[in-house]
Amino acid sequence: MLATFLIGLREGLEAALVVGILVAYLGRLGRRDVLPRLWVGVGLAVALALGIGAVLTFGAYELTFVAQELIGGLLSLLAVAMVTWMIFWMQKAGRTMKATLEGGIDRALTQGGLWALVAIGFVSVAREGIETTLLLWSMVQSFGDAPSALLGALLGLATAVVIGALIARGAVRLDLRRFFAWTGGFLVIVAGGVLAYAFMDLQEAGALPGPFTAAAPIDAVTGAVAVGWQAFPFGWAFDVTSAIAPDSAWAAILQATVGFMPRMTWLQVTAWAVYIAVVGFLFVRGLRSPRPSASAPLASSNAADASVSSPTQQGAA
């Protein structure tokens, strides 16, 4: 629940701030008459995300076990790819996001007409919505505890909407640059766990060699799939289910925070370690890169507070 809450909060706040930029800029231009068009696009994006979630959830019931595992693994890989791209996109494009969005509004008002504003609202939210849906769906599949995971996500999204509205109104100040830095690091770890679970799904489906296929190394003493170094590369890397029950709260906490499962294959461990090492290094390097303060996209509603960033700075003013 905590993991999905943080994901809902992070992704929801990102979407809320983007919408805040658009709404505030239209207000500054004195064109609140076209706000309904923007909200239509936002509503369509939300409907698309909910529709994808419903199809993934209820459509899986009609599939065989192998098909479920194969599709689940591939969709989890897609979620990891989207999250990773979004993390680095925010680091780079976020510096000019406000100007880019306002430029899109200008073009829509002068050239595009009705559907252009609808499209801006849709595109601005759809990307976040689809990414969040895929990531949450993958996590729910891995946790096997849909009610609490979904509740956490809904609470996170609701909290994000409230915080976004308060920031836009100037009622609260939040160091969003630091917020997105910390939550971005958290998402890197979460994505590593989802990647590991995706490899497990693909191994169970037989798409990748592993303990469930003929490629599994067998322990000569027990006759079971080998564990440890003797099992490399297609057996179990470790098995601590005797100490940490897979369905225990401790196992759920570890999986939600660091992607650890009581029993993991060598392919899972390798994929997790490589992803965390490479993506984590690039993420930290991006945080340390110089950022010109004049172009920071996220500035507080209080312009005098230079340490706070929010995309609604001028709009809220």
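Provided above is the structure to which this section pertains.
Residues numbered from 1 in each chain as written. Predicted model: local features only at pLDDT ≥ 70, side-chain atom pairs only at ≥ 80, totals over all residues. Heavy atoms only, no water.

Novice: I'd like a rundown of the overall build of the protein chain, residues and numbers included.
Specialist: A count of helices and strands for the protein chain gives ten helices and two strands. In the protein chain, which comprises 317 residues, the share counted as buried stands at 45%. A separation of at least 24 residues holds for 73% of the contacts in the protein chain among residues at least 6 apart in sequence. By element, 69% of the accessible surface of the protein chain is carried by carbon and sulfur atoms, the whole surface being about 15300 Å². (Helix = DSSP H or I, 4+ residues; strand = E, 2+ residues; numbered from the N terminus. Buried < 20%, exposed > 50% of the residue type's maximum accessible area, 1.4 Å probe, protein only. Contact = heavy atoms within 4.5 Å. Areas by Shrake-Rupley, 256 points an atom, 1.4 Å probe, with all protein chains shown as cover.)

Novice: Explain empty space enclosed by the protein residue by residue, including any values.
Specialist: Tallying each qualifying case throughout the model produces two cavities of 30 Å³ or more. Taken together, eleven residues form the lining of the second largest cavity, with Ser142, Val190, Gly193, Val194 and Gln255 sitting closest to its centre. Broken down by secondary-structure element, the contributors of at least two residues to the lining of the second largest cavity are helix H5 (114–143), helix H7 (176–204) and helix H8 (249–258). Per-element tally for the lining of the second largest cavity: the top contributor is H7, with four residues. Here the lining of the second largest cavity is built from residues that sort into seven nonpolar, four polar and no charged. (1 Å grid on protein atoms, 1.4 Å probe; cavity = no way out; pocket = protein on both sides within 12 Å on 5 of 7 lines; lining within 4 Å. Points joined across faces, edges and corners; volume = space filled by probe spheres on them. Nonpolar A, V, L, I, M, F, W, Y, C, P; charged D, E, K, R; others polar.)

Novice: Any details on the packing of helix H1 (residues 2–28) against helix H2 (residues 35–59)? Residues and values, ideally.
Specialist: Closest axis-to-axis distance for the H1/H2 pair is 11 Å, and the angle between their directions is 170°. Overall, the two elements H1 and H2 adopt an arrangement that is roughly antiparallel. From H1, Val19, Leu22, Val23 and Leu26 reach across to H2, where they touch Leu35, Leu38, Trp39 and Val42. Per-class residue counts for the contact of H1 with H2 are eight nonpolar, no polar and no charged. (Axes fitted to C-alpha atoms, helices over the stretch in contact; angles between N-to-C directions. Parallel < 35°, antiparallel > 145°, perpendicular 65-115°, else oblique.)

Novice: Explain the environment of Glu69 to me, using residue names and the numbers behind them.
Specialist: In this structure, Glu69 sits in helix H3 (residues 65–93). Residues within four places of Glu69 in sequence aside, it is in contact with Asp201, Leu202, Glu204 and Ala205.

Novice: Describe the packing of aromatic side chains, naming the residues involved and giving the relevant values.
Specialist: What the rule picks out here adds up to five aromatic pairs. Ring centres 5.8 Å apart and planes at 90° place the aromatic pair Phe212 and Trp236 in the edge-to-face group. One end of the pair, Phe212, is in the loop between H7 and strand E1 (236–239); the other, Trp236, is in strand E1, with 24 residues separating them in the sequence. Overall, the relative accessible area of 6% leaves Trp236 in the buried class. On the basis of an interplanar angle of 5° and a centroid distance of 5.5 Å, the ring pair of Phe238 and Phe260 is categorised as stacked. Placement of Phe238 in strand E1 and of Phe260 in the loop between H8 and strand E2 (263–265) is noted, with a sequence separation of 22 residues between them. Since its relative accessible area comes to 22%, Phe238 is described here as partly exposed. A relative accessible area of 23% places Phe260 in the partly exposed class. Here Arg263 stacks its cationic end above the ring of Trp236, 4.0 Å away from the centre of that ring. (Phe/Tyr/Trp six-rings, centres within 6.5 Å; stacked < 30°, edge-to-face > 60°. Lys NZ or Arg CZ within 6 Å of the ring centre and 35° of its normal.)

Novice: Please provide a residue-by-residue account of the nonpolar core, values included.
Specialist: One broad trend across soluble globular proteins is that nonpolar side chains are buried collectively. Among the nonpolar cores identified, the biggest contains 21 residues, and Ile7, Leu135, Met139, Val190 and Tyr275 are the most heavily contacted of them. Those elements that provide at least two residues to this core are H1, H3, H5, H7 and helix H9 (266–288). The dominant element in this core, judged by the number of residues it contributes, is H7, at seven residues. Contact partners of Ile7, with chain neighbours within four places excluded, come to Gly12, Leu135, Leu136, Met139, Phe186, Leu187 and Val190. In this structure, Leu26, Val42, Ala45 and Ala126 belong to the second largest nonpolar core, which totals 20 residues. (Core = buried A, V, L, I, M, F, W, Y, C linked by side-chain atoms within 4.5 Å.)

Novice: Give a description of H8 that names residues and reports values.
Specialist: For H8, the full list of buried residues reads Ala251, Leu254, Gln255 and Ala256. Where H8 ends, the next residue or the one after it, Gly259, has phi of about 75°, a positive value.

Novice: Would you mind going over H9 in detail, with residue names and values included?
Specialist: Every α-helix carries 3.6 residues per turn, so stepping three or four residues along brings you back to the same face. A rise of 1.5 Å per residue sets the reference length of H9, with its 23 residues, at 33 Å; its end C-alpha atoms lie 33 Å apart and thus fit the reference within 8%. Of all the positions in H9, only Trp266, Leu267, Gln268, Ala271, Tyr275, Val279, Gly280, Phe283 and Gly286 are classed as buried. (Expected span 1.5 Å × (residues − 1).)

Novice: Tell me what's going on with the environment of Val240, and back it up with residues and numbers.
Specialist: Note that Val240 resides in the loop between E1 and H8. For the pair formed by Val240 and Pro262, sequence separation is 22 residues and the distance between their alpha carbons is 5.2 Å. With residues up to four places along the chain from it excluded, the contact list for Val240 reads Phe260 and Pro262.

Novice: Go over the pattern of salt bridges with me, naming the residues and quoting the values.
Specialist: A complete count under the given rule lists four salt bridges for this structure. Measuring nitrogen to oxygen at the nearest pair gives 3.2 Å for the salt bridge that ties Arg10 to Glu14. Remark: Glu14 and Arg10 occur in helix H1; sequence separation between them is four residues, near one turn of the helix. Arg10 gets classed as buried once you look at its relative accessible area, which sits at 3%. The class of Glu14 is buried, set by a relative accessible area of 2%. Counted as one network, the salt bridges with shared partners bring together Arg10, Glu11 and Glu14. (Salt bridge = Lys/Arg side-chain N within 4 Å of Asp/Glu carboxyl O.)

So, to be careful, I would describe these as geometric facts and stop short of saying anything about function.
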